[in-house]
Amino acid sequence: MASQKILHVHKPGILTTFQDMGRTGHQRFGVPVSGAMDTFALQIANILVGNKRDEACLEVTLIGPELEAYQPVTLVITGADIQPAVNGKRIRMWRSFHMEKGDRLTFGKPQSGVRAYIAVAGGFDVPAVFGSKSTDLNSGFGKIIEKGEIIYGHHTECCKGFGYSSQSVPIYEKSIEVAVIEGPHTEQFSKQDRQQFFQLSFTVGANSNRMGYRLQADNDAITTAGEIWSDAIPFGGIQIPPNGQPIILLADRQTTGGYPRIGTVISSDLPKIAQLPPQGKIRFYPISVEEAQQRAIRMESILFCLEKFRAGLEVEK
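Residues numbered from 1 in each chain as written. Predicted model: local features only at pLDDT ≥ 70, side-chain atom pairs only at ≥ 80, totals over all residues. Heavy atoms only, no water.

A.B. asks: A description of the side chain of Asp-193 should follow, citing residues and the corresponding values.
C.D. replies: Note that Asp-193 resides in helix α2 (residues 191-199). Buried charge without a salt bridge: Asp-193, with Arg-194 as the nearest opposite-charge side chain at an N-O distance of 8.4 Å. Here the side chain of Asp-193 touches Ser-190 through a polar contact of 3.0 Å, side chain to side chain. With residues near it in sequence (within four places) discarded, Asp-193 still touches Ala-221, Ile-222 and Thr-223. (Helix = DSSP H or I, 4+ residues; strand = E, 2+ residues; numbered from the N terminus. Buried < 20%, exposed > 50% of the residue type's maximum accessible area, 1.4 Å probe, protein only. Lys, Arg positive; Asp, Glu negative; His and termini not counted. Salt bridge = Lys/Arg side-chain N within 4 Å of Asp/Glu carboxyl O. Polar contact = N/O pair within 3.5 Å; in protein donor to acceptor, adjacent residues only side chain to side chain. Contact = heavy atoms within 4.5 Å.)

Spelled out as structure tokens, the structure:
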């Protein structure tokens, strides 16, 4: 399918980048995974326009871009509610919509959440590096969307108006509770410190980003027995550095680290963290591996069923 001009960037927003499910399989070579911060919202967006789940989307952070359609195109926007509108008229999120040539997509003030995802039917034409189209500014893969840029894609015909159930759309809170699997460096923490970790309420610091959220607890800190030999860091791993203030490692995290990890956020709760703004509040609670697996299965079943239903609509068409 030939690549075509589909969107013209009039305003880039604060941080608008291409992201997919990340560069899996290369972490052992020192290549960060990167990818979408909220993989659930990204996958839903792709499914709603008939793309493969792992296709690249535009990840929009807080302040959205202004985009003009070069030709008729079908899109969907999921994730954070930053008041999207076409030609000044608000559009529904989590539902596919159509833009004609010359139409303009704009965004307003953030209402809830931090990151929105824009998918286009047919997918964006973005070079892949190590098997992924994800932008990783620290590694020099890709770049921020810029004013005046032309975005190319492989536009396909797609039925508009197909959406995700409004009752199932995530609600992004500014104060959240997050499930954690304890370890792997439990021996580095006293029983008292482990208990304190689950009793404290933490605030997301202003210097948080896609690499990690730095948390703060007033007048309290988690003490450790020191550093460890560097080992691989998973998405959601919670490091405790010498200052005792936790860091949740996220999409653009480094491949290895030498601070002990008190636990790891379960995969099904990572979207809640991805949508938490600076000064947002987090409390942690422990969970078993078995329960975490059941929650991951439930999330996967939602995506699988929606994908199959969407594919059935295309066959009927």
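From this point, the discussion proceeds with the structure in view.
A.B. asks: Give a detailed account of the environment of Lys-174, specifying residues and quantitative values.
C.D. replies: With respect to the helices and strands, the residue Lys-174 is situated in the loop between β11 (150-153) and β12 (175-182). Take Lys-174: its relative accessible area is 60%, and that puts it in the exposed class. In this structure the C-alpha to C-alpha distance between Lys-174 and Thr-264, which are 90 residues apart in sequence, comes to 20 Å.

A.B. asks: Break down the pattern of salt bridges for me, citing the residues and quoting the values.
C.D. replies: In this structure the tally under the stated criterion is 13 salt bridges. Across the pair Arg-53 and Glu-307 runs a salt bridge, and its minimum N-O distance is 3.2 Å. Of this pair, Arg-53 sits in the loop between α1 (39-48) and β3 (57-61) while Glu-307 sits in helix α4 (residues 289-316); the two residues are 254 residues apart in sequence, bridging distant segments of the chain. Under the relative-accessibility criterion, Arg-53 is labelled buried at 15%. The residue Arg-104 makes a salt bridge to Glu-68 at a minimum N-O spacing of 3.8 Å. Of this pair, Arg-104 sits in strand β9 (residues 104-106) while Glu-68 sits in strand β4 (residues 66-69); the two residues are 36 residues apart in sequence, bridging distant segments of the chain. Take Arg-104: its relative accessible area is 32%, and that puts it in the partly exposed class.

A.B. asks: Before we move on, could you go through the sheet that holds strand β19 (residues 261-265) and cite the residues and values that matter?
C.D. replies: Strands sit in the order β12-β19-β16-β17-β14-β13-β20 around a closed barrel of 7 strands; the barrel is mixed. Across the sheet, the mean angle from the axis of one strand to that of its neighbour is 40°, orientation sign disregarded. Both strand β13 (residues 202-204) and strand β20 (residues 281-286) contribute to a ladder of 2 bridges, which runs antiparallel. Counted as the bridge partner of Thr-203 is Lys-281 from β20. Against the sheet, α2 makes contact with β12, β13, β16 (237-239), β19 and β20, and its axis sits at roughly 130° relative to β20, the strand it touches most. (Pairing = 2+ DSSP bridges. Axes fitted to C-alpha atoms, helices over the stretch in contact; angles between N-to-C directions.)

Everything listed here is a matter of coordinates, which is why it stays silent on function.
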